[in-house]
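For reference, the chains in residue letters:
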Amino acid sequence: MALPKPIVIGNWKMNGLRADSIARVEALLARLRDAPGRGTLGICPPATVLAVLEPLLRTGAMLLGGQDCSSKPSGAYTGDISAAMLKDAGCHAVIVGHSERRLGHGESDALVRAKAEAALAAGLMPILCIGESEDQWQAGRTLEVLDRQLEGSLPAGASADNLIVAYEPVWAIGTGRTPGQDDILRTHTHLRRHVGELALLYGGSVKSTNAGEIMAVADVDGALVGGASLDAEEFWAIYTAGQAAGAGSRAVSGAT
Ligand code: PEP
C-alpha cells in the first residue's frame, strides 16, 4: 500500500550506537504519540542497531529501513547484507542508489536496479535515489542526468505501492546548499511525468528552517533527511513542517 504523505525519512548514515539510537527513537515515538497527524515518519539507521530498534518500532508507528542492500540473495559476499536479512531484521524499506554509494563505491545504474529488484523480491520498499553532480547542475544537464538514472535504475514493476523515488542533488547533500523552490518545482514536475503516482521525495540539506518551503513545492511528497535526522527535535520539526505544508496532499501535476 502507498504510504501516507508527507513521507519524511531519516538517513542516519554511519552514525548511531545502541544507546543514542534508542534515545532518538524513543523521543520521536513520544512525539508521535502526542501528535500523530497524517504522514509517514521513517528512519534508516546503521544495520548494527536494527535489532535493538525493531522491538520499539513493532507497532508500526515509524517506518524502519536499511541504508543499502546487496543485489544478491545470499552467498560468499563478505560484509554485504541481503534484502532478506533486512526484512528479517524488521525493515520495511531500504535506500538504494544513494550518491554516497554511487560515487563512493562505484555503483552503476545497472547495479542500483539489481539492488532495487532484490529489495522488491524480499518484500522491501526501495527508496531509489537519483541526483546530478555539481558540474552537471552548472551545465544545465540536471533533467537529462535524472532521466538517464531513472531509465537505468528504476526496476520493472515499480508502483506507488512498492517504491519511492528520492531526488537528491549531489551538490546539496551535507553542504547546507539547496536548489531554489523554482528549481525543485521544475525538476519534480519533470520527474512526475516519468514516475506517475510514485512518491517523490526531495533530499539534500533539508532542515527545519527550509523544510516547509521545500515541501510546499508541488509534487514534493516528502523529504529524505541526512544530518538533520540525527537530532530528534530537528527531525520532528521537519516532519511537522511537511505536514503543515500539505506535502503530498495536493493533486499531482501531469501524473499519468
Ligand atoms: C542524504 O544523505 O540523503 C541527505 C539528504 O543528507 P543531508 O540531509 O545531510 O544533506
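Residues numbered from 1 in each chain as written. Predicted model: local features only at pLDDT ≥ 70, side-chain atom pairs only at ≥ 80, totals over all residues. Heavy atoms only, no water.

A. Up close: the side chain of His188. For His188, the location among the structural elements is in helix α8 (residues 181-195). Taking relative accessible area as the criterion, His188 reaches 0% and is therefore assigned buried. Contacts of His188, omitting those with residues within four sequence positions, involve Tyr167, Leu200, Leu201, Tyr202, Ala218, Asp219 and Val220. (Helix = DSSP H or I, 4+ residues; strand = E, 2+ residues; numbered from the N terminus. Buried < 20%, exposed > 50% of the residue type's maximum accessible area, 1.4 Å probe, protein only. Contact = heavy atoms within 4.5 Å.)

B. The arrangement of the nonpolar core in detail. Within the largest apolar cluster, 55 residues are counted, with the highest numbers of intra-cluster contacts made by Leu41 and Ile43. Considering each element in turn, this core owes the most residues, six residues, to helix α10 (residues 232-245). Those residues in contact with Leu41 that sit more than four places away from it in its chain are Val8, Leu28, Leu32, Met62, Leu63, Phe235, Trp236 and Tyr239. One finds Ile9, Ile127, Cys129 and Leu224 within the second-largest nonpolar core, a separate group that totals 15 residues. (Core = buried A, V, L, I, M, F, W, Y, C linked by side-chain atoms within 4.5 Å.)

C. Here's a closer look at the packing of aromatic side chains. Summed over all chains, the structure comprises three aromatic pairs. Here the aromatic rings of Tyr167 and Tyr202 are separated by 6.2 Å at their centres, their planes lie at 65°, and the arrangement is edge-to-face. Of the two residues, Tyr167 sits in strand β6 (residues 164-167) while Tyr202 sits in strand β7 (residues 199-203), which places them 35 residues apart along the sequence. Accessibility expressed as a relative area gives 1% for Tyr167, which makes it buried. Accessibility expressed as a relative area gives 0% for Tyr202, which makes it buried. (Phe/Tyr/Trp six-rings, centres within 6.5 Å; stacked < 30°, edge-to-face > 60°.)

D. Looking closely at helix α1 (residues 18-34). Across its 17 residues, α1 extends 24 Å between first and last C-alpha, which sits within 8% of the 24 Å expected from 1.5 Å per residue. Turning to α1, its buried residues are Ser21, Arg24, Val25, Leu28, Leu29 and Leu32. Burial along α1 is one-sided: seen end-on, the buried residues are contained in an arc of 130°. For α1, the exposed residues lying more than 90 degrees away from the buried face are Ala19, Arg33 and Asp34. Of the surrounding secondary structure, the elements contacted by the buried residues of α1 are β2 (40-44), α2 (50-57) and α10. (Expected span 1.5 Å × (residues − 1). Arc of directions from axis to C-beta.)

E. Spotlight on the packing of helix α7 (residues 142-153) against α8. Relative orientation of the contacting elements α7 and α8 amounts to 30°, with a least axis distance of 11 Å. Taken together, the axes of α7 and α8 lie roughly parallel to each other. Taken as a pair, α7 and α8 cross one another with a handedness that is right-handed. Side by side, α7 and α8 meet where Thr142, Leu143, Leu146, Asp147 and Leu150 of the first sit next to Arg186, Thr187, His190, Leu191, His194 and Val195 of the second. For the contact of α7 with α8, the residue count by class is five nonpolar, four polar and two charged. (Axes fitted to C-alpha atoms, helices over the stretch in contact; angles between N-to-C directions. Parallel < 35°, antiparallel > 145°, perpendicular 65-115°, else oblique. Left-handed = near helix turned anticlockwise from the far one by under 90°. Nonpolar A, V, L, I, M, F, W, Y, C, P; charged D, E, K, R; others polar.)

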